[in-house]
Amino acid sequence: MVKQAIEALQNGDKGWYSFFTENPAMTDDGNSVDFKSFFSNALGNEKFLSIDRVENDGKDIYGEFKAGKWGTFPVFFKFHKNTEGKFNRLDIGQSK
């Protein structure tokens, strides 16, 4: 499911939201952010340039990311799934 979500992100596809609960928790470099507000700007403008590592049964993605006006840098996306199979939390940030 992470793979399909990342494909939607890469394509700027609004189907990205269908992989998540109505109001998922989200952090960016450890700070709480509003998921929908964040991706209303990021979706279609920001994406992975490469995926370098996948860990935690496919739920943690590491790679080089193009973050619009913020530039390009290594990041992690950590997906957390609820019992219904939807993502209820996403943690992102710069990786070392």
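**Some points on the overall build of the protein**
Next up, step 1: Scanning the protein for helices and strands turns up 2 helices and 6 strands.
Next up, step 2: The order of helices and strands in the protein, counted from the N terminus, is α-β-β-α-β-β-β-β.
Next up, step 3: Counting only C-alpha atoms, the protein reaches 35 × 25 × 25 Å along its principal axes.
Next up, step 4: Within the protein, buried positions represent 36% of all 96 residues.
Next up, step 5: Counted over contacts in the protein with a minimum sequence separation of 6, partners at least 24 positions apart contribute 38%.
Next up, step 6: Here the protein has roughly 5700 Å² of accessible surface; of this, 47% comes from carbon and sulfur atoms.
Next up, step 7: For the protein, the separation between the mean place of its 13 positive charges and that of its 14 negative charges on side chains is 2 Å.

**With respect to the pairing of strand S6 (residues 87-94)**
Next up, step 1: Sheet topology note: the strand S1 (residues 20-28)/S6 ladder contains 5 bridges and is parallel. Within S6, the residue paired with aspartate 28 across the bridge is isoleucine 92.
Next up, step 2: Across 7 bridges, the pairing between strand S5 (residues 72-81) and S6 is antiparallel. Paired with phenylalanine 79 across the two strands is leucine 90, which belongs to S6.
Next up, step 3: Hairpin connection of S5 to S6: 5 residues between the antiparallel strands, including glycine 85 at a positive phi of 90°.

Definitions and limits used
- Residues numbered from 1 in each chain as written.
- Predicted model: local features only at pLDDT ≥ 70, side-chain atom pairs only at ≥ 80, totals over all residues.
- Heavy atoms only, no water.
- Helix = DSSP H or I, 4+ residues; strand = E, 2+ residues; numbered from the N terminus.
- Buried < 20%, exposed > 50% of the residue type's maximum accessible area, 1.4 Å probe, protein only.
- Contact = heavy atoms within 4.5 Å.
- Areas by Shrake-Rupley, 256 points an atom, 1.4 Å probe, with all protein chains shown as cover.
- Lys, Arg positive; Asp, Glu negative; His and termini not counted.
- Charge placed at Lys NZ, Arg CZ, Asp CG, Glu CD.
- Pairing = 2+ DSSP bridges.

Keep in mind these values describe shape, not function.
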